[in-house]
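A look at the structure
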Amino acid sequence: MSKPIRRLELAGASVSVYSKSTDACQVAAERISGVISKALAVRGHAVLGLATGSTPEPVYARLVEAYREGILTFAKVSTYNLDEYYPMGPLDPQSYRTYMHRHLFGHVDLGANRAHLLDGTVPEAFAPSHAADFDRWIEAEGGLDLQLLGVGRNGHIGFNEPTDLPVEQVLALPTRLVDLHPTTISDAAKDFGGEDRVPRQALTVGIAPILAARSILVLAFGDRKAGAVARSLRGPITGEVPGSLLQTVPGKVEWLIDEAAGAEIL
Ligand code: F6R
């Protein structure tokens, strides 16, 4: 088991700092396996909220390894991904559906009707009802046992972008169609071959369903994330830094970060 070089309690969250991001990802995979076993023992099934992006890739690689080693099964697991670009076809190489298939779904025994992503092909007029259905599906399964999160440079979680709405309103935000923030579009440009090709909108799981998860695991690596990590953990609770809203659910959030991402809190 990889050991953190530093462990601290900040704003109600436990924060473990690792010298290597791969060590943190190994621990994240162990946490996810532990949550699956516990949920299976208690309720007979496990419900995971998953993230995409570059940060969790090694976590999925480790989960696939554990499945291949026969120490983990997804047979009784359901997954709900945080977000999908809009509009976006499921087979598009840039879709998060494709990402999940490449990194996890295509390699483990997770049933196709248990691997849920928001649908980037839904007609715009039906996006609100589709998003509300997604929240209902999660609730009908008894809620998320664990939500895995990355954090954007602008502090976003899922694609809940910075907003000047009052905190109470932000905390109630459901799953919905959103406009992407310029920083998000600029960060996605490399994946799409230019900023012009990045979709301007996305469907995202809302702040309310994210915070309702029974446990939340946040990963952040590299100096590009240092500002967002510090503003999330040390800054005021504000919609301008969606990661700071995690401070409103003390006791159930764990941050696994590397030294570079922790530079401004250590
Ligand atoms: C992805 C997601 C985003 C990312 C964040 C960090 O499903 O919801 O919030 O977690 O943008 O992205 P990476 O990991 O690529 O730095």
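Please read all numbers here as calculations on a predicted model, not as lab measurements. (Residues numbered from 1 in each chain as written. Predicted model: local features only at pLDDT ≥ 70, side-chain atom pairs only at ≥ 80, totals over all residues. Heavy atoms only, no water.)

**Section: the environment of Leu 118**
Quick note on the threshold: By definition, any uninterrupted DSSP run of H or I lasting at least four residues is a helix, any uninterrupted run of E lasting at least two residues is a strand, and each is numbered from the N terminus. In this description, contact between two residues means that some pair of their heavy atoms is separated by no more than 4.5 Å.
Within the secondary structure layout, Leu 118 lies in the loop between β6 (115–116) and α4 (127–140). Taking C-alpha positions, Leu 118 is 7.6 Å from Thr 204, a pair spaced 86 residues apart along the chain. Setting aside residues no more than four positions away along its own chain, Leu 118 makes contact with Leu 82, Asp 83, Glu 84, His 130, Ala 131, Phe 134, Thr 175, Leu 203, Thr 204 and Val 205.

**A look at the nonpolar core**
Cut-off, in case you're wondering: We call a set of buried Ala, Val, Leu, Ile, Met, Phe, Trp, Tyr and Cys residues a nonpolar core when their side-chain atoms join them within 4.5 Å. Per-residue accessibility, obtained with a 1.4 Å probe over protein chains only, is compared with the maximum for each type, and a residue is labelled buried under 20%, exposed over 50%, and partly exposed between these values.
One finds Ile 32, Leu 63, Phe 74 and Leu 104 to be the most contacted residues of the largest nonpolar core, which totals 47 residues. Of all elements in the fold, only α1 (21–43), β3 (46–50), α2 (57–68), α3 (96–103), β7 (146–149), α6 (182–192) and β10 (216–220) reach the threshold of two or more residues within this core. The element best represented in this core is α1, accounting for nine residues. Leaving out residues up to four positions away in the same chain, Leu 63 has contacts with Ala 29, Ile 32, Ser 33, Leu 72, Phe 74 and Leu 104.

**Quick word on α1**
Our working rule: Each residue after the first adds 1.5 Å to the expected span of a helix.
Spanning 23 residues, α1 covers 32 Å between terminal C-alpha atoms, matching the ideal 33 Å at 1.5 Å per step. For α1, the complete set of buried residues consists of Asp 23, Ala 24, Cys 25, Val 27, Ala 28, Ala 29, Ile 32, Ser 33, Val 35, Ile 36 and Ala 39. Gly 44 lies just past α1 and shows a positive phi near 85°.

**Some points on the packing of aromatic side chains**
What counts is decided by this rule: Within 6.5 Å between ring centres, the rings of Phe, Tyr and Trp (the latter by its six-membered ring) count as paired, and their orientation is classed by plane angle as stacked under 30 degrees, edge-to-face over 60, tilted in between.
This structure, assessed with the given rule, holds eight aromatic pairs. Taken together, a centroid distance of 6.2 Å and an interplanar angle of 20° make the contact between Tyr 96 and Phe 159 stacked. On the criterion of sequence distance, the pair formed by Tyr 96 in helix α3 and Phe 159 in the loop between β7 and α5 (167–171) is long-range, its members being 63 residues apart. Residues Phe 134 and Trp 137 carry aromatic rings whose centres are separated by 5.9 Å and whose planes lie at 50° to one another, so their mutual orientation is tilted. Of this pair, Phe 134 and Trp 137 both sit in helix α4, three residues apart, which is roughly one turn of that helix. Overall, the relative accessible area of 36% leaves Trp 137 in the partly exposed class. Joined through ring pairs, the aromatic side chains of Tyr 60, Tyr 85, Tyr 96, Tyr 99, Phe 159 and Phe 192 make up one cluster.

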